[in-house]
Amino acid sequence: MSAGTVRPASTGEESGTDASVRRKPNARTPSGNGRRQPRAAGPRRTTEPGRRGAELPALTMVMLLAAFVGLMFHRVFGLTTVLAPTVVAAVVPAIVVGAACRGMRAPAPVSATVTVNLVAAVVAGSAVYARDRALAAVVPTPGSVAAMAGDLADVPREILTTVLPAPPGTSSILVPACVWVASAAGAELLYRTRFAALAVLPATALFLGAALLATGAPGTSLPLVAGFAAAVGLFLAVRDTAPRPANIALAGLLALALAIPGAFAALSLPGGARHAFDPRGHVDPPAPTTLRGPSPLAYVSAWLQHPETLMFTDAGSPPPPGGKLYRLAVFDHYDGVSWTPVDRFLPSGGRVPEPERDAAGTPVGQDITVAELPGVFLPAVERPVEVHATEGEFAVDPESGVLASETPLRTGMRYQVTSRPTEHDPARTEYMAAGRTASALELPGGDESGAAPPVVAALRDYAQQATAGAQFPYQQALRLASWLRGYAAGDPQAIPGHSYRHIQYFLETSRQGTSEQFATAFALMARTLALPARVVVGFRAEAQQAEPVTRVRGGDVLVWAEVEFAGAGWVPFFPTPGAGSATSAVAPPTEEVAEPEPVPAEPASPGAPTGPPSRAEIDSAIENRAHAAATEDHAGGRDTGVGAGVVVSAVVSAALAGYVALAFAGPVWLRRSRARGTPEMRIAGSWEQLVDDLARIGPPLPAGATTGDVVEHARVGAGTEAGASAAVVASAADGVAF
């Protein structure tokens, strides 16, 4: 065909594959004329049709995951404190993002949704947590915003340095803040990303952070961990009808992240209160709470002078037959003039940390109303575990369990305490070593050369005289308390004071004092024996019949001492006459009444049932062990005739002389024989001699005891220096044996 000739349009009669294909009607056009109809105008969808219908259920799951973050704080602030803020903060930001995006057909810019959520969060925070600085108690101001920002920055450290649960206050702003961020960020990732699992990342990170902050709080978080893991799986199920490999992999990583706190025991596991990782050990503690108030020791003498003054009442559990003992304050630092009370107080919302030792006693409830009790210390039965105050805030010393109000006590102030008294087992404590608290061993007052003052040497002489023959620390403490009870007399009119000069006058001149002098003398004398000791001030109320309320008066004040034993903690001792036995205040502290004379017990009939021995009986047996024969009174017998008496005396004297000769000569001969021979023989003999000597201290060594067991036995029974010497002999003996 020549150029410029117009080719006629095809009629469809041409043969060939190409022609037939070109003429095939378009399936997307109604007429099949081969023309493609244009697409309707509008933004293109970026999500698959299957995901559009799952957006609302997925958004609901984002809210639920954010709510789990707030609920994790229930162990930190209490469920009633976190519940309402959690619900509001989980729902509002997610709805804001969902309404702005509207199924991704007309998504709002990220900056718009973030701005709306931020403004809403600041307004809500100002109205709830910074009302005093907000305009009309609602509208945010620079002051309210700065206050909330400062609180949020300080709250994590405050939580990690507070006895949980934390007291109510502005620190709970952390709960809605974390929930709000988890909800808003999760909703943003839900609508603006193609990977559904990314939407659970904010809630997961904040959930784990809340779990770490709850370390050491009462209760367990395992149900919340299980619920959160189930919510993550449910979210993935409703978000994707056909899960992507990337989502499955990310879900596995999330499950692994949830397992990490469990591996480190950051969550409190059933049956255990210790944690393999505790963030509290990595935070610098705050300055101790300063408690301004007079020392209770300064009031002891005045209270004894006015014994009928009502200190407080207790409408809780009635006192047992032996009475109820209330601890008021513990004093552990002595400067030679006065005692200083413990000052390591931390704010608490109602919980008192459990002691290291077991407190297996029956719970005792107290409902105390303050009357004329001055100061800031709150009386409570040892050891308190839970406190509820109707007004004001209080702090607790975690080590001693002492409670104190952050404001001075006033008449009518009321609070409730639940205590679990510690039951000390003398049979278990008998052979325990003394504790190692350095502050409870200090005896200050030396001169520039470091030499101790003369009064310390006098106290040491008295202590050694009182504990002569004692083999273990517990026996030393028992004998020291009994010695003081028999050495001096109680006198409520005695001159008050507990300085070195007062105690020296009490021991050497007056030999009369109140429980203030008896307890101080015991503690200082115990310290000269390397027994960590401190002083406690409290009240002892006897059982009051026909009265539902226990009334504690000034005459019920009592001061006692506590000695620390490794493994048993602080054990109380009562060296004041009239205050019960040496280790149990079982009688009213009427200090002007002398110690009663012991009354011989009636012999029990052979068939009469006998109960277990009391603690006082066990302590008495421990105290008199190994020296009872030397302290027995030898009464003269009847005259059986001069001749018979002479013969019997001569025979007995000869037998005793022979026994004494053998008793002294045998060990001397054995010791000398062990010191002869080759060096190896002498070393082996020294080891045998050491084992024989240690066999006379405490319980016998087992037949299979190792050299390490013998060295430890020497250290516990005879002191640190003896243990070091035994270690040298043990090393040489091991060298010879091997």
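Described below are features of the structure shown in this document. (Residues numbered from 1 in each chain as written. Predicted model: local features only at pLDDT ≥ 70, side-chain atom pairs only at ≥ 80, totals over all residues. Heavy atoms only, no water.)

## Re the overall build of the chain
Across its full length, the chain holds 23 helices and 17 strands. Taking all 738 residues of the chain together, the buried fraction comes to 41%. Within the chain, contacts between residues at least 6 apart in sequence are counted, and of these 73% link residues at least 24 apart. Accessible surface, the chain: about 38200 Å² in total, of which carbon and sulfur atoms supply 61%. (Helix = DSSP H or I, 4+ residues; strand = E, 2+ residues; numbered from the N terminus. Buried < 20%, exposed > 50% of the residue type's maximum accessible area, 1.4 Å probe, protein only. Contact = heavy atoms within 4.5 Å. Areas by Shrake-Rupley, 256 points an atom, 1.4 Å probe, with all protein chains shown as cover.)

## Quick look at the packing of helix α15 (residues 473-487) against helix α17 (residues 515-528)
Two elements in contact, α15 and α17, have axes whose closest approach is 10 Å; the angle formed by their N-to-C orientations is 145°. By crossing handedness, the relation of α15 to α17 is classed as right-handed. Between α15, through A477, L480, A481, W483 and L484, and α17, the contact on the second element is made entirely by F518, A521, F522, M525 and A526. Within the contact of α15 with α17, the residues separate by chemical class into 10 nonpolar, no polar and no charged. (Axes fitted to C-alpha atoms, helices over the stretch in contact; angles between N-to-C directions. Left-handed = near helix turned anticlockwise from the far one by under 90°. Nonpolar A, V, L, I, M, F, W, Y, C, P; charged D, E, K, R; others polar.)

## Describing the sheet that holds strand β11 (residues 414-419)
The strand order β8-β11-β5-β1-β15 describes an open sheet built from five strands, whose pairing is antiparallel. What marks the edges here is a single partner per strand, and that holds for β8 (384-389) and β15 (550-553). Between one strand axis and the next, the sheet turns by 25° as a mean value, whatever way the strands run. Taken together, the four bridges between strand β1 (residues 310-314) and β15 define a ladder with antiparallel strand orientation. Bridged to L310 within β15 is R553. (Pairing = 2+ DSSP bridges.)

## Observations concerning the packing of aromatic side chains
Under the counting rule described, the total for this entry stands at 20 aromatic pairs. Look at W560 and F574: their rings are 5.6 Å apart centre to centre, the planes differ by 35°, and that puts the pair in the tilted class. Of the two residues, W560 sits in strand β16 (residues 557-565) while F574 sits in the loop between β17 (569-573) and α18 (615-623), which places them 14 residues apart along the sequence. Each member of the pair W560 and F574 is classed as buried. Geometry around Y487 places R511 over its ring, the cationic atom sitting 4.0 Å from the centre. Looking at R534, its charged tip hangs above the ring of W570, at a distance of 4.0 Å from the centre. (Phe/Tyr/Trp six-rings, centres within 6.5 Å; stacked < 30°, edge-to-face > 60°. Lys NZ or Arg CZ within 6 Å of the ring centre and 35° of its normal.)

## Focus on the sheet that holds strand β9 (residues 394-396)
Strand order across the open sheet formed by four strands is β4-β9-β10-β6, with antiparallel pairing between neighbours. Here the strands that pair on one side only, and so sit at the sheet edges, are β4 (346-348) and β6 (377-378). Summarising the sheet, β4 and β9 pair through three bridges and their orientation is antiparallel. Along β9, the bridge assignment pairs S348 with F394.

## Observations concerning the environment of R420
Among the structural elements, R420 can be located in the loop between β11 and α13 (426-429). Classification of R420 by relative accessible area gives partly exposed; the value is 33%.

## Re the pairing of β11
Side-chain alternation along β11 places Y415, V417 and S419 on a buried face and R414, Q416 and T418 on a face that remains uncovered. The sheet contact formed by strand β5 (residues 364-370) and β11 spans six bridges and is antiparallel. What sits directly across from V364, in β11, is S419. Inspection of the sheet shows β8 paired to β11 by five bridges, in the antiparallel sense. Counterpart to A389 in the pairing with β11 is Y415.

## As for the pattern of salt bridges
Side chains that carry opposite charge are capable of pairing whenever their charged atoms lie near each other. Taken as a whole and judged by the stated rule, the model has nine salt bridges. Where K324 meets D314, a salt bridge forms, and the shortest distance between an N and an O atom there is 3.1 Å. Of this pair, K324 sits in strand β2 (residues 324-334) while D314 sits in strand β1, and the two are 10 residues apart along the sequence. Residues K324 and D314 agree in their burial class; the two are buried. Taken together, the shared-partner salt bridges in this structure form one network comprising R327, E382, E399, R534 and E562. (Salt bridge = Lys/Arg side-chain N within 4 Å of Asp/Glu carboxyl O.)

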